[in-house]
Amino acid sequence: MKKFSKVLIVAILASASINSAAFADTDPFPGVASGGEIPGTRVAGQPGITCPAGSGVGIESNATTHEEFSYCVKTWQPQANIDAMAAYRAQVAAAQADALAQSQAWNAANPGHQKCFPWGPFTDPNGGTSSGGVCANPVEPGPGTTVPSQSTDGVVGPTTAPAGSASSTPAVIPTNDTSITGNGSPYTKILAGQHSTAECPVGFQAANGIIVAIGTGTFTECWPDLAWKANRLGGTYWEQFKASGGTYDVSAVIDALGVIANYKTQAKAVAQTAADLTPGVQRCSTWSVYGQTGQECAYTGVTPTGTASPSDSRTATSGTDTATVTTTPALDTSTAQSLSVTNLETTTASVTLVPVVVAAVPVAVVETATTTTSQSINAKVAMGVSADSGEQVAVAADLSAKPLKGKFVLTVNANVESQQLTITATKKGGKTITIAFITNSEGDRTISTKNNLSGYTLTLKSGAQVLDTFVLKK
């Protein structure tokens, strides 16, 4: 049987023939589903047929035969359905208006910052659900007005970072039966067709990639563990791996990057704890580990007059690391450090680091590039596509830097894919260096530069939003 593709266009015509009788409680077309074609009404072409009450004109166009037909489509609904949908729409509209009012009130009480308020989820009469959030425009601080910022305790880690080393296991150079080569050549195994990592040979199951060779076919590139790790870091790490004949092990470097990210998370948690105790004042905590330094800042908003106090449980985000911060009457000095901050009276806080899912930021957490005591803050939250879920999330990223063989290797780990980011290097008396790039599908990017960055302040941004900043020591 020959099949034809069809394009169906249904137009419901508002005319005198479709009046209130179309929505009476007596079904004028029993046995016909809502949106279905009413039998006996189909005609060829588009003659502008007139449909009875409770229906509208539908037009069918066959893209293959170029034939067109007109017919009547059932639009009738019982009054109960109409009333239910109207009530649902009114519920959504009221919730959106309430979220907008809350966001406007919060933004007004916290100039220079923005907070989004959620609404829903609501279930519609057809069984679907809807939800969302409303973000009113931030209220800019008035002329000469600054947003206060204070420092709090910092966190300090080891000064010497572990370096890569030679693996005790000799590299295996696989034999491939095809002329196709991949990014990991000659250390990867190439298989014809599309395969999962489990289908790759033993020893080459760390990762896989699909190669589409036009005119030749589809192939799978299977990666060994050491090659995959070095390639993910990229830059001089991958070059050093190839120069070593496949024996260079970057596992220690990856562990060091994880340690740096952990200290940033601790600093973020300390800053958030202090911010919870001083609403309306941004709090910043410095971190220092493996010769790199920086600061993490957090902000807890002033509760607008006439609204409920914010929850004691907050989410602080630093790069891909997230911590849940809960204020309590006791101090956990092993995690939060001592909060010897002025004007805090005798109040103390406890910080609990708990992995949670990164979501759109409900409480404004702002990164800054300086430690001045009073400054304006850019509170616009950059959004991007999550490298894990594909959903829209607030952009977060970590930046690290390391000198290697006369070059500097910059490594970015973000939570969003294909995101335009910028690294700016500044130093007093030095030339400003700007590097623009796009993250890969996993949210990562490694950049190698011959510029001497010693003593420079490195700042990672998404648009105008600062994601990470630190001083690369000489």
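Residues numbered from 1 in each chain as written. Predicted model: local features only at pLDDT ≥ 70, side-chain atom pairs only at ≥ 80, totals over all residues. Heavy atoms only, no water.

Peer 1: Can you tell me about the state of the cysteines, naming the residues and giving the values?
Peer 2: Applying the stated rule across the entire model yields 4 disulfides. The disulfide partner of Cys 51 is Cys 72, and the gap between their sulfur atoms is 2.1 Å. Classification of the bridge connecting Cys 51 and Cys 72 rests on its S-S torsion, roughly -95 degrees, and on that basis the disulfide is left-handed. Residue Cys 51 is found in the loop between β2 (43–44) and β3 (55–62), and its partner Cys 72 is found in strand β4 (residues 68–74); the two are separated by 21 residues along the sequence. Here Cys 51 falls in the buried class, since its relative accessible area comes to 6%. Each disulfide pairs two cysteine sulfurs, and for Cys 200 the partner residue is Cys 222, the sulfurs being separated by 2.0 Å. (Disulfide = S-S within 2.5 Å. Helix = DSSP H or I, 4+ residues; strand = E, 2+ residues; numbered from the N terminus. Buried < 20%, exposed > 50% of the residue type's maximum accessible area, 1.4 Å probe, protein only.)

Peer 1: Could you give an account of the packing of aromatic side chains, with specific residues and numbers?
Peer 2: Evaluated as defined, the whole model comprises 7 aromatic pairs. Pairing Trp 223 with Trp 238 gives two aromatic rings, centres 6.0 Å apart and planes at 55 degrees, and the pair type is tilted. Remark: Trp 238 occurs in helix α3 (residues 235–243) and Trp 223 occurs in strand β12 (residues 217–223); sequence separation between them is 15 residues. Residues Trp 223 and Trp 238 agree in their burial class; the two are buried. Taking 6.2 Å as the distance between ring centres and 55 degrees as the angle between the ring planes, the aromatic pair formed by Trp 287 and Phe 470 counts as tilted. Residue Trp 287 is located in strand β14 (residues 282–289), and its partner Phe 470 is located in strand β29 (residues 465–472); the two are separated by 183 residues in the primary sequence. Residue Trp 287 shares its accessibility class with Phe 470, and that shared class is buried. Through successive ring pairs, a cluster of aromatic residues spans Tyr 187, Trp 223, Trp 228, Trp 238 and Phe 241. Over the ring of Phe 69 we find Arg 42, and its NZ or CZ is 5.2 Å from the ring centre. (Phe/Tyr/Trp six-rings, centres within 6.5 Å; stacked < 30°, edge-to-face > 60°. Lys NZ or Arg CZ within 6 Å of the ring centre and 35° of its normal.)

Peer 1: Account for the layout of surface pockets, with residues named and values stated.
Peer 2: Space inside the largest pocket adds up to approximately 350 Å³. Along the wall of the largest pocket there are 15 residues; nearest its centre are Asn 183, Trp 223, Trp 228, Asn 231 and Asn 440. Per-element tally for the lining of the largest pocket: the top contributor is strand β11 (residues 207–213), with 4 residues. Looking at side-chain class alone, the lining of the largest pocket contains 4 nonpolar, 7 polar and 4 charged residues. (1 Å grid on protein atoms, 1.4 Å probe; cavity = no way out; pocket = protein on both sides within 12 Å on 5 of 7 lines; lining within 4 Å. Points joined across faces, edges and corners; volume = space filled by probe spheres on them. Nonpolar A, V, L, I, M, F, W, Y, C, P; charged D, E, K, R; others polar.)

Peer 1: Describe the nonpolar core, naming the residues involved and giving the relevant values.
Peer 2: In terms of nonpolar packing, the biggest core is built from 34 residues, with Leu 410, Ile 423, Leu 458 and Leu 460 touching the most fellow members. Elements with a contribution of two residues or more to this core: α4 (251–277), β14, β22 (397–404), β23 (407–414), β25 (420–426), β26 (433–438), β28 (457–462) and β29. By residue number, the principal contributor to this core is α4, which donates 5 residues. Not counting residues up to four positions away in its chain, the partners in contact with Leu 460 are Ala 397, Asp 398, Leu 399, Val 412, Leu 421, Thr 422, Ile 423, Phe 437, Gln 465, Val 466, Leu 467 and Asp 468. Core analysis: the next-biggest nonpolar cluster, separate from the first, contains 16 residues, Tyr 187, Ala 207, Tyr 237 and Val 250 among them. (Core = buried A, V, L, I, M, F, W, Y, C linked by side-chain atoms within 4.5 Å. Contact = heavy atoms within 4.5 Å.)

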